[in-house]
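Chain residues, written in single-letter form:
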Amino acid sequence: QKNPEPKQEPVKTEVPTIKPTKSGKLVFVFDDAGHNMTQLKPFLSMPFPITVAILPKLAYSKDAALALKNAGVCSILHQPMQAVNLSVDPGPGAIKPEMYSCEIEEIVKENLTEVGPVIGLNNHEGSLITASQSDIGTVLDVCKEKGIIFLDSRTNSESKAKQAALERGMTILERDIFLDNIQDKDEIIAMVNKGLEIADKKGYAIMIGHVWCKD
């Protein structure tokens, strides 16, 4: 009689978990709404408050703004701005380095009208524009006039947004974590846990993801 084959134990896979925060809050912002409605749909019924940033002048920018409003989801303008890499196209409705301050003001107001009402705006790309204290200062002037917040996505460590805000007696917000630079569930959970550590220390953490990231 042949010896029975040894039973194979099931392989245990470690399930990543979210560690509870001791104190503080997480602020979730999801960028790039406006390309289509399919990617946005899951974010219209999240079980906790979120903010969605809408790109202007796209095929579904207005539809996305209306859907978010009807769902009671907080929205902001995702204002396109030129990156340091000039070959990167920030998309329609963008702030370009050759623009005068009056042109910057006009395009931001136009974009706000299209996707509004919103509680604020953040930058899409923009590593070149946010590094210019004058250019980003013009954006902040519009925010101050409209009574809305500015969230610096921090696409450039050399951002001058905070300095420009101080000149104007304004307080701005800054991104702490990018959630989905690596589009993998385990990596995203690791970023959430990193955000929790920040929230424990300073009271909150602002985390930016994207509506196109399925995880």
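Worth saying up front: this structure is predicted, and the values here are computed from it rather than measured.

Describing the pairing of strand β1 (residues 25-33)
Piece 1. Looking at chain direction, β1 and strand β8 (residues 204-210) are connected through seven bridges and run parallel. The partner of Phe30 across the bridge, within β8, is Gly209.
Piece 2. Relative to strand β2 (residues 51-54), β1 is paired through three bridges, and the arrangement is parallel. Counted as the bridge partner of Val29 is Thr51 from β2.

Notes on the packing of aromatic side chains
Piece 1. Tallied over the full model, the rule gives three aromatic pairs.
Piece 2. Ring geometry for Phe28 and Phe30: centres 6.2 Å apart, planes at 10°, overall stacked.
Piece 3. With relative accessibility at 9%, the residue Phe30 sits in the buried group.
Piece 4. Aromatic pair Phe30 and Phe43: ring centres 4.7 Å apart, planes at 50°, arrangement tilted. Here Phe30 is found in strand β1, whereas its partner Phe43 is found in the loop between β1 and β2, with 13 residues between them in sequence.
Piece 5. A network of ring pairs unites the aromatic residues Phe28, Phe30, Phe43 and Phe48 as a single cluster.

Some details on the sheet that holds β1
Piece 1. Strand order in the open sheet formed by eight strands is β6-β5-β4-β3-β2-β1-β8-β7, and the pairing between neighbours is parallel. Two strands close off the open sheet at either side, each with one partner strand: β6 (173-174) and β7 (177-178).
Piece 2. Here β7 pairs with β8 via two bridges, running parallel. The residue of β8 that forms the bridge with Ile177 is Met207.

The rules behind the values
Each residue is numbered by its place in its chain's sequence as written, counting from 1. Local features in a predicted model are, by the rule used here, given only for residues with pLDDT of at least 70; side-chain atom pairs are given and counted only at 80 or more, and totals for whole chains, interfaces and linings are based on all residues. Note: side-chain values were computed over all heavy atoms of the structure, leaving out hydrogens and water. Criterion used throughout: strands pair if DSSP finds at least two bridges between them. Going along the chain from the N terminus, every DSSP run of H or I of four or more residues is numbered as a helix, and every run of E of two or more is numbered as a strand. Centres within 6.5 Å are what make two rings of Phe, Tyr or Trp a pair, Trp counting through its six-membered ring; a difference in plane orientation under 30 degrees is then read as stacked, over 60 as edge-to-face, and the rest as tilted. Think of it in three bands: residues with accessible area under 20% of the maximum for their type are buried, residues over 50% are exposed, and the middle band is partly exposed, with areas taken using a 1.4 Å probe on protein chains only.

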